[in-house]
Amino acid sequence: MSMQQEKLHDLTDDMFQPANIDDSENELIAGESTGFWKDAWRRLKKNPGAIIGLVIIFVITFLAIFGPYMNEHDYRTQELTRAKLPAKVPVLENFDFLGVNGVDIRGVDQYEAKGYEDEYFWFGTDEFGRDQWTRVWQGTRISLFIAAAAAFIDFVIGVAYGGISAYYGGRVDNVLQRIIEVLVGIPNLILIILAILIFEPGIFSIIVALSLTGWVGMSRIVRGQVLKLKTQEFVLASRTLGATSGRVIGKHLIPNVLGQIIITTMFTIPGAIFFEAFLSFIGLGIRPPEASLGSIINNGFSSLQIYPHLVLWPSIIISLIMIAFNLVGDGLRDAFDPKLRK
Amino acid sequence: MGRYIGGRVVSMVITFLIIASLTFFLMKLLPGTPFNNQEKLSDAQIVQLNEKYGLNDPVAVQYFTYMTNLFKGDLGVSFQQDGRQVSTIIGERIGPSAYLGFQSLVVGTILGLVLGIVAALRHNSIWDYGTMVVAVLGISIPSFVIAGLMQYWFGVKWQLLPVAYWDGFAYTIMPTIAIASIVVATIARFMRTEMLEVLGQDYIVTAKAKGLSSTAVVIRHTIRNASIPIITIMGPLVVGLMTGTLVIERIFVIPGLGEKFVNSILTNDFPIIMGTTLFFSFLFILVILLVDILYGIVDPRIRLAGGKE
Amino acid sequence: MKKSRWTLVLSLVLVLSMFLSACGGGGSNEGNGNAGGDDSGSESAKQELNLTDSAEIPSMDTTQATDTTSFKAMNQVFEGLYRLDKNNEPTLGVAADEPEVEEKDGETVYTFTLREDAKWSDGSQVTAEDFIYAWHKALHPDTLSPYASMFGTAGIKNGNAIVTEGDPLYGKVEELGAKAVDEKTLELTVESKTPYFKSLLTFATFYPQPKGFAEEQGDKYALEADTMLYNGPFVFSEWNHGEGWNYKKNTEYWDADVVSLENISVKVVQDVATAVNLYETGKIDRAGLSSDFVDQFQDREDFSTILEPTMFFLRMNQENEALANKNVRKALFLAYDREGLVNVLLNNGSIAAKYFVPSDFVSGPNGDDFRDHAPDGFHADMGEAEAKEAWAAGLEELGMDSVELEFLTTDSELASKIAEYAKEQYESKLDGLTLTINKQPWKQFLELEDNGEFDISTGGWGPDYPDPMTFLYMFETDGAYNRMAYSSEKYDELVSNAKTETDAAKRWEMMQEAETVLMEEDIAIVPTYQRGLAILQKDYVKNYYVHPFGADASYKWIKIEK
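Residues numbered from 1 in each chain as written. Chains lettered and ligands numbered in written order. Predicted model: local features only at pLDDT ≥ 70, side-chain atom pairs only at ≥ 80, totals over all residues.

1. A few points about the overall build of chain B
Okay, so step 1: Along the backbone of chain B there are 13 helices and zero strands.
Okay, so step 2: Going from N to C terminus, chain B has its helices and strands arranged as α-α-α-α-α-α-α-α-α-α-α-α-α.
Okay, so step 3: The buried share of chain B, reckoned over its 309 residues, is 45%.
Okay, so step 4: Partitioning the contacts of chain B with sequence separation of at least 6, the portion at a separation of at least 24 is 73%. (Helix = DSSP H or I, 4+ residues; strand = E, 2+ residues; numbered from the N terminus. Buried ≥ 20, exposed ≤ 12 C-beta atoms within 10 Å, placed from the backbone. Contact = placed C-beta atoms within 7 Å.)

Now the structure itself:
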């Protein structure tokens, strides 16, 4: 600072030029314009957790779709002579510490003992001798499907309910909110269990049961956001210009709430996956021949200590899915709401 | 404040009545009959049993009877445990569940708070990342998987802790860890975010500027202000605990209410299902009410907003 | 100000937690200190046994219970005229002696004298009136026992009529052929003699109840440990519903000198893995195993298997057009690989069965096992090739090229596994067959099965008394447990004749022939396996007797020898 001050008197007039005062240039945007989405994406990219999460989701989804076709085994062929083989993967089998060399926890090479030296079951086999790799990815597919379907229904109902409630306000809002109050009064787990008991068990009823209260969270967030937004000037302006309610909701309110909606959805999915696994675990889940990650874990759980591979792989995958969605959800929240980030 | 609480209590009672009715009619929709070992029952006996439990009356009459009894605190008798009062059964089952739930909540909250605070104060350090990893794992790994692994390693392999049963403090450790993992994770995450936000506020800068020691700033301003919003997530957390106890009690052979609930579902013991549902709902509503009131006490803004209504 | 509010919140939390820990944690394990065992004298081993059960006790009222857990518990704390001994033979219980038998007008009258020293746990006498009280209660329409039919099965006079609605004797319990002549004399009149009469009397339905005490307790009788009296080898020292129950030796028991155990604790544990963990850490002395654990433990000395006389089979509903065809049924019978099922999936000592009356269950008049006829079962020499042949023939007769069947089963873990196995077995071997698995909770399963709403259903049956008839009577035309529209005049005739035949050897032949008709000629069901039980039991537990019918086990003679 002091150095600069000393140099001040060296300034001469020819070092200055008159400023070009043109009001229109003030309005010019110098850099490339960053919209809301672009900005969010830029921030998301800087979040390693979220990127890892996205990669995991991508890989797992890919495997859920194509995994079952990656080896010559199908999901239903039973062959009891090869039941409960541990995992064995080519190449990796040479590294003992990875635990994928076909040796069970008692130190016996089960492939050798059962006469399947030349076969590879990447995740091992289940109690019927079915290929666990194929089954686990089929299960993942169903778990993801249930979660996606439940999230979608939550999204549709939640947005509509919350939007209507907040936009119309007054008596409508009052009635709708009282209904929600009753719904959230019942612990959702209990409501889900009761619903499963009433419907025929299966994928469909699990989705319905999960959606029964799942949308409440979404509707509350949408309602809160819309309430905040609808009194803001741009909405007032739009209305003054004669926009219909539908246009105001569709063009102005929803897009502005979208960030929140996406974040909520990101957290709905792992929730749904967990509940599905949980229901399967207490015996109210998916029925065979369908299998979800939850029911596969449940089937193997009783032999966790003897054939850990039956539980290990699906548990790792379910945990990875949950971790990934949570990471992406966190990342998105930070990206959409930069003031939370430091 | 008084009016606010009064209003909340009234709406709580109404909510509870609606839930009770809803549960009753849902139960009526359920398929199947509740009698054990039907294989050996004759038709005449089933008719007679239906009579005994009032299952032959019109639904409206059953509903009326049910609601009247409910007001007297009478939840009916169990089908499976011949003739025992549902309220007695809930009474003898609630102890372990409440103890376990509470211990998990307290341990989980304290641990979560500590982790969250440390993570925020040592932002972007190894502590921070460690906490975040713990938090994500705690939320992501299903509690029953954690429970199974602990049983095997701590219980059987290393014989550090009793595998199962309910027989003193040592028996509560593993179930508490299994249930508390989600509490730790949730609270740590929440606390960290709140702390970071508070640390960025002007009044913290002011406090530092006026010469307060950083310990004082952290304790007197940051932690206190950051913990207030924790109360809002306590409601959902307590409910999450109930979910956790359902399977954990089963795995660790704990004679609690959650285990009874799951069991009664599998045996179609309607009175128990209804009784426990209502009991859980009642607790839940109560917790939400308490949380709101607590929040009103610690944060005057809420109280004022409530007073206006 | 702010500070005080926080203190309030905090102290509330603390108070609550203290209150909760006070009522949650402490105070079990009281009865453990006084084990000693002065009277056994033999060794200093603590006479204590720790067990688990998979369910809590639903009822301790002898007239109301229907499940194995209740019956097992009752067998330890109550006693009838007889009880089962280690060879599953009835041995004298409350009865002092074998009864005097008198034939009168085609009826048989048994006169029992009760023991002088048969006492309830409060020291009062077990009287003939106590038996009559319990039995009348079991038969009375207001308190009808689910097992009321046992009186008819035992042939006790008017036992059937009293529980048959519309019968002039309906509800008239005093017409039962059982009388208390005096305090210690019980007279039973039997209409039709059965060879298993005494075995039936060991059953819980025939236990006495302390009349005066039970009437005093009213609705509360037998709901808690202190609202009942005991006359068996043990009493309940504690009954924590859902958690478990503890027995302690009954000092008033007439045969108390024989009873070694001082305390038995039973905890409710549903999960097999948990039970095994408890066993491995020495918390319990006996644990049942599922197939996975058998792999782990089968070479150990404390491992053993028990073959139970419980049969599993598939019902084929003949209302279904395809299943009415005998060739189709034959194909289903033959295509099922039972070896894989018992050796890999069950792996617990169960054996493959192509028969219906179980092996090692009952012996005939000449001492031979019933199973000595057709020892390998029926169609034992045929296999997959014959199955395919029969299938093709069946389809041709029906003029179909594909068949869709619904496979009804329950939702237990094992049942689902077996259903998946059966589906794959059949679909891979019988071209054109599609099985749809319909998995239902137990109650719904029974309802559907009872209404005939299934094509194939999984059945299981355990004996109520030691006689093949407990199996064979199921498939009489329109029998309550037939459920699959099977009807054969020849079978009906053989079974009903066997019921009344008095010549034991002839009767035996009739029953064996009936089984042949059912399995060989009609192929009415597909038997799959006879259940085994794999257990771990500590070697210091001696004389744990398991029973194939009635109560599962007797603890009376158990000794701990360390």
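After that view of the structure, there is still more to cover.
2. Some thoughts on the interface of chain A and chain C
Put simply, an interface is often sized by how much accessible area is lost when its parts join up.
Okay, so step 1: With 16 residues of chain A at the contact, the number on the chain C side is 18 residues.
Okay, so step 2: Looking at the side of chain A that touches chain C, its residues break down into eight nonpolar, five polar and three charged. (Nonpolar A, V, L, I, M, F, W, Y, C, P; charged D, E, K, R; others polar.)

3. Some thoughts on the pairing of strand S15 (residues 433–440) of chain C
Residues and elements named next belong to chain C.
Okay, so step 1: Two strands pair when backbone bridges link them, and strand S14 (residues 403–410) and S15 are joined in this way by eight bridges, in the parallel orientation. Bridge pairing in S15 links Thr 410 to Gln 440.
Okay, so step 2: Viewed along the sheet, the connection from S14 through helix H13 (residues 413–429) into S15 turns out right-handed. (Pairing = 2+ DSSP bridges. Right-handed = clockwise from strand over helix to strand, strands pointing away.)

4. A closer look at the environment of A:Ser303
Okay, so step 1: Take A:Ser303: it is sitting in the loop between helix H12 (293–301) and helix H13 (309–336).
Okay, so step 2: Judged by C-beta crowding, with 22 C-beta atoms within 10 Å, A:Ser303 ranks as buried.
Okay, so step 3: Contacts of A:Ser303, omitting those with residues within four sequence positions, involve A:Leu310 and C:Asp292.

5. Describing the sheet that holds strand S10 (residues 263–268) of chain C
All names here are of chain C.
Okay, so step 1: The four strands lie next to each other as S1-S10-S9-S8, forming an open sheet whose pairing is mixed. Each edge of the sheet is formed by a strand with only one pairing partner; in this case those strands are strand S1 (48–53) and strand S8 (234–240). Going across the sheet, the axis of each strand differs from the next one's by a mean of 20°, ignoring polarity.
Okay, so step 2: Sheet topology note: the S1/S10 ladder contains six bridges and is parallel. The partner of Asn 50 across the bridge, within S10, is Ser 265.
Okay, so step 3: Each of S1, S8 and strand S9 (244–249) is contacted by helix H2 (residues 68–77), which is oriented at about 135° to S8, the strand it contacts most. (Axes fitted to C-alpha atoms, helices over the stretch in contact; angles between N-to-C directions.)

6. Brief notes about the confidence of the model for chain A
Okay, so step 1: Scored by pLDDT, chain A has a mean of 79; 90% of the residues are at 70 or more.
Okay, so step 2: No element of chain A has a lower mean pLDDT than helix H1 (residues 2–7) of chain A, which averages 52, and none a higher one than helix H4 (residues 48–66) of chain A, which averages 90. (pLDDT = per-residue confidence, 0-100.)

7. Focus on the sheet that holds strand S6 (residues 178–182) of chain C
All names here are of chain C.
Okay, so step 1: Pairing within the open sheet is antiparallel, and its four strands lie in the order S4-S5-S7-S6. Here the strands that pair on one side only, and so sit at the sheet edges, are strand S4 (100–104) and S6. Averaged over all adjacent pairs, the angle separating strand axes in this sheet is 25°, with direction ignored.
Okay, so step 2: Here S4 pairs with strand S5 (residues 107–113) via five bridges, running antiparallel. If you follow Glu 103 over to S5, its bridge partner there is Thr 108.

8. Comments concerning the pairing of S9(C)
All names here are of chain C.
Okay, so step 1: In the sheet, S8 pairs with S9 via six bridges, with the strands oriented antiparallel. If you follow Trp 239 over to S9, its bridge partner there is Trp 245.
Okay, so step 2: Between S8 and S9, which pair antiparallel in sequence order, lie three residues; one of them, Gly 242, sits at a positive phi of approximately 90°.
Okay, so step 3: In the sheet, S9 pairs with S10 via five bridges, with the strands oriented antiparallel. Paired with Trp 245 across the strands is Val 266, a residue of S10.

9. Points about helix H3 (residues 128–139) of chain C
All names here are of chain C.
Okay, so step 1: In a regular helix each residue adds 1.5 Å, so twelve residues correspond to 16 Å; H3 covers 17 Å between its end C-alpha atoms and thus fits that length.
Okay, so step 2: Those residues of H3 that sit buried are Ala 128, Asp 130, Phe 131, Ile 132, Ala 134, Trp 135, Lys 137, Ala 138 and Leu 139.
Okay, so step 3: Buried-residue contacts for H3 involve helix H4 (149–153), helix H5 (159–162), S6, strand S7 (185–190) and helix H7 (211–217). (Expected span 1.5 Å × (residues − 1).)

10. Side note on helix H11 (residues 245–281) of chain A
Residue and element names in this part refer to chain A.
Okay, so step 1: Compared with the 54 Å implied by 1.5 Å per residue over 37 residues, the 46 Å span of H11 between its first and last C-alpha is markedly short.
Okay, so step 2: Of all the bends found along H11, the most pronounced is centred on Leu 258 and spans about 45°.
Okay, so step 3: One or two steps after H11, the chain reaches Gly 283, where phi turns positive at roughly 85°. (Bend = angle between axes of the 7 residues up to and from the residue.)

11. Quick word on the packing of H11(A) against H12(A)
All names here are of chain A.
Okay, so step 1: As a packed pair, H11 and H12 sit with axes 7 Å apart at the nearest point and diverge in direction by 35°. Crossing handedness for the pair H11 and H12: right-handed. Along the contact surface, H11 presents Glu 276, Ala 277, Leu 279, Ser 280 and Phe 281, while H12 presents Leu 293, Gly 294, Ser 295, Ile 297 and Asn 298.
Okay, so step 2: For the contact of H11 with H12, the per-class residue count stands at five nonpolar, four polar and one charged. (Left-handed = near helix turned anticlockwise from the far one by under 90°.)

12. Side note on the environment of A:Leu253
Residue and element names in this part refer to chain A.
Okay, so step 1: Its place among the elements puts Leu 253 in helix H11.
Okay, so step 2: Given 22 C-beta atoms within 10 Å, Leu 253 falls into the buried group.
Okay, so step 3: For the pair Leu 253 and Leu 227, spaced 26 residues apart in the sequence, the C-alpha separation amounts to 9.6 Å.

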